[in-house]
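Examination of the molecular architecture
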Amino acid sequence: MSDETETTTRETTAGDRDARGAPDGAGGLEAGEPWLGAHVSIAGGLDRAVGRAEELDATALQIFTGQPQRWADPGLGKADVEAFRSALEGSDIQVTVSHDSYLINLASEKEDLFEKSERAFRSELDRCVRLGLDYLVTHPGNATGGDRPEALRRNADALARAIADHPGPTTVLVETTAGSGTALGWRFDELARLIEAVPGPQRERLGVCLDTCHAYAAGYDLREDYGGVMEEFDRTIGLDRLRLFHLNDSRHPRGSRKDRHADIGEGELGDAAFAALMGDRSLDRVPRVIETPKGDDATARDRANLGHLRALAGR
Ligand SMILES: [Zn+2]
Ligand SMILES: [Zn+2]
C-alpha cells in the first residue's frame with residue numbers, strides 16, 4: 001500500500017471538520033453520529049497516522065504500533081509518545097485503537113511460540129498504555145494442538161496476566177474471527193467462554209471487536225438478519241462488551257470461514273448489511289473502523305469507503 005499520500009487536503013477539509021463540532025471529546029460529536037474511521041499507516045512515525053486519519057475526516061483511528069508480520073520489538077521512545085499525543089490533541093480523533101501482530105498466538109501449545117507470543121503481546125500492551133490508546137484489538141489464538149478448551153484456557157490466562165501487569169487506560173478487545181483453520185473465537189459462545197475464563201478484575205478491561213467480514217464468513221447472517229445476529233451477540237456475550245466494529249465487506253460467502261476483506265457494498269455482505277448497522281441508533285456509542293483494501297491510493301479508497309458508509313447511514 002502507498003504510504004506517502006498525505007498533506008494536500010488538510011486545509012480544504014478543516015472547515016468541514018469544525019462544522020461537525022466537539023473536538024474536545026466531551027460527549028463526542030453531535031448526537032446520532034457514531035465515531036468512524038480507518039486503519040491507517042504509521043509510515044514515517046506514529047504521529048503521521050493522525051494526519052492520515054484527519055485527511056479522512058475520521059474521528060477514530062486504528063494503527064499497528066509495530067510491524068504486524070514481524071516479531072522484532074519496534075521499541076517506543078519518549079519522543080515518539082510525545083509526538084503522537086500532541087498530534088492527537090490537536091485533532092478531532094476521539095477513539096484510538098491498536099491491532100496486535102498477526103503472528104501472536106496466545107493459545108499455542110508449542111512452548112516457544114507461546115513464549116514469543118506472550119512477550120510480543122505484553123510489549124504491545126505496554127506500548128498501547130504508554131501511548132494512551134483506548135483499545136488494543138487481539139485475535140484469539142489457534143488451537144493447533146486440537147484441544148480447544150485447553151487452548152482457550154491458555155489464551156485467557158495470558159490475557160489476564162498481561163492486563164494485570166500493565167495497568168492503564170487501554171481496554172483489550174478480542175476480535176471475532178472468521179474461523180479459518182483452528183482459529184478460536186469464530187462462534188460468539190466460544191468468545192464468551194474466553195472472556196468468562198478471565199478473572200473479574202482483569203475482565204473489566206476486556207471487550208469485543210465485532211468484525212463484520214469475519215462474522216459473516218463464520219456464518220452469522222448480517223446480510224439478511226442483522227437484528228437476529230445482534231440478539232445472539234447480546235444473549236451470548238452481552239452488548240455491553242461490544243466496544244468496536246470493524247466494518248469490512250467480505251469477498252467470500254457466508255459460512256466460508258475465509259477472511260478476505262472487500263470494499264463496503266462490493267462484497268458478499270452488500271449495502272443492506274451496512275445500512276442496517278449504520279442505521280442502528282441503539283449502537284451509536286460503538287465506534288467503527290474500516291480495514292478495507294487500500295489499493296494504490298489508500299486515502300482516496302478509504303475516503304470512498306467511509307463516504308459510502310456515511311451515505312448508507314442516511315443521516
Ligand atoms: Zn483483526
Ligand atoms: Zn478486523
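Attention here is on the structure that accompanies the text.

What counts, and where the lines are drawn
Residues numbered from 1 in each chain as written. Chains lettered and ligands numbered in written order. Predicted model: local features only at pLDDT ≥ 70, side-chain atom pairs only at ≥ 80, totals over all residues. Helix = DSSP H or I, 4+ residues; strand = E, 2+ residues; numbered from the N terminus. Buried ≥ 20, exposed ≤ 12 C-beta atoms within 10 Å, placed from the backbone. Contact = placed C-beta atoms within 7 Å. Expected span 1.5 Å × (residues − 1). Core = buried A, V, L, I, M, F, W, Y, C linked by C-beta atoms within 7 Å. Arc of directions from axis to C-beta. Pairing = 2+ DSSP bridges. Axes fitted to C-alpha atoms, helices over the stretch in contact; angles between N-to-C directions. Parallel < 35°, antiparallel > 145°, perpendicular 65-115°, else oblique. Left-handed = near helix turned anticlockwise from the far one by under 90°. Nonpolar A, V, L, I, M, F, W, Y, C, P; charged D, E, K, R; others polar. Right-handed = clockwise from strand over helix to strand, strands pointing away.

1. Quick word on the overall build of the protein
Of regular secondary structure, the protein possesses 11 helices and 10 strands. In the protein, which comprises 315 residues, the share counted as buried stands at 46%. Look at the contacts in the protein between residues 6 or more apart in sequence, and 74% of them connect residues 24 or more apart.

2. Structural notes on helix α4 (residues 111-131)
For α4, with 21 residues, the first-to-last C-alpha span of 30 Å sits near the 30 Å given by 1.5 Å per residue. Among the residues of α4, those classed as buried are S117, E118, A120, F121, S123, E124, L125, R127, C128 and L131. Residues of α4 that are buried make contact with α3 (78-89), β3 (95-99), β4 (135-138) and α5 (148-165). Positive backbone phi, approximately 75°, marks G132, located one or two places after α4.

3. A look at the nonpolar core
A38, A53, A60, L61, V97, L159 and L173 are the most contacted members of the largest nonpolar core, which has 82 residues in total. Examining the composition of this core, we find that eight residues originate from one element, α5, more than from any other. A38 has contacts with A53, L56, A58, L61, V289, I290, D302 and L306, leaving out every residue within four places of it along the chain.

4. Examining helix α11 (residues 298-313)
Between the first and last C-alpha of α11 there are 22 Å, a value that for 16 residues agrees with the 22 Å anticipated at 1.5 Å per step. Among all positions in α11, only A298, D302, N305, L306, H308, L309 and A313 are buried. Taken end-on, α11 shows its buried residues confined to a sector of 150°, consistent with a single buried face. In this fold, the buried residues of α11 make contact with β1 (36-39), β7 (242-247), α10 (270-279) and β10 (288-290).

5. A look at the sheet that holds β10
Either a parallel or an antiparallel arrangement is found when strands of a sheet pair, and the pairing is made through backbone hydrogen bonds. Strand order in the closed barrel formed by eight strands is β1-β2-β3-β4-β5-β6-β7-β10, and the pairing between neighbours is parallel. The sheet shows a mean angle of 25° between the axes of neighbouring strands, direction not considered. Of the strand pairs in this sheet, strand β5 (residues 171-175) and strand β6 (residues 206-211) are connected by four bridges, and their pairing is parallel. Looking at the pairing, E175 lines up with C209 of β6.

6. So, the environment of L76
Locating L76 in the fold gives a position in the loop between β2 (60-63) and α3. Distance in space between the C-alpha atoms of L76 and L46 is 9.7 Å, their sequence separation being 30 residues. Those residues in contact with L76 that sit more than four places away from it in its chain are V81, R127 and R130.

7. What to know about the packing of α10 against α11
With their axes 8 Å apart at the nearest point, α10 and α11 run at an angle of 65° to one another. When the axis of α10 is compared with that of α11, the two are roughly perpendicular. In this structure, α10 crosses over α11, and the sense of that crossing is right-handed. Residues D271, F274, A275, M278 and G279 of α10 form the contact with α11, whose own contacting residues are L309, L312 and A313.

8. Some remarks on the packing of helix α2 (residues 46-55) against α3
The geometry of a pair of packed helices is captured by two quantities: the angle between their axes and the separation between those axes. Where α2 meets α3, the closest approach of the two axes is 7 Å, and the angle between their N-to-C directions is 20°. Between α2 and α3, the angle is such that the two are roughly parallel. Where α2 crosses over α3, the handedness of that crossing is right-handed. Counted together, L46, D47, V50 and G51 of α2 and D80, A83, F84, A87 and L88 of α3 form the full contact between these two elements. Considered class by class, the residues forming the contact of α2 with α3 number six nonpolar, one polar and two charged.

9. Some thoughts on unusual backbone geometry
The backbone of D57 shows a phi angle near 55°, a positive value even though the residue is not glycine. The backbone of R257 shows a phi angle near 55°, a positive value even though the residue is not glycine.

10. A short note on the pairing of β3
Counting buried positions over the five residues of β3 gives five, a clear majority of the element. Bridging between β2 and β3 involves four bridges; their strand directions are parallel. Residue pairing for β3: Q62 is matched across the bridge by V97. Once the chain exits β2 it traverses α3 before rejoining the sheet at β3, and the crossover so formed is right-handed. Bridge count between β3 and β4: three bridges; the pairing is parallel. Residue V97 lies in a different strand from β4, and its bridge partner there is Y135. Taken together, β3, α4 and β4 constitute a β-α-β crossover, and its handedness is right-handed.

11. Notes on the environment of R315
Locating R315 in the fold gives a position in the segment after α11. What makes R315 partly exposed here is the crowd of 13 C-beta atoms within 10 Å.

Honestly, it's all geometry; don't read function into it.
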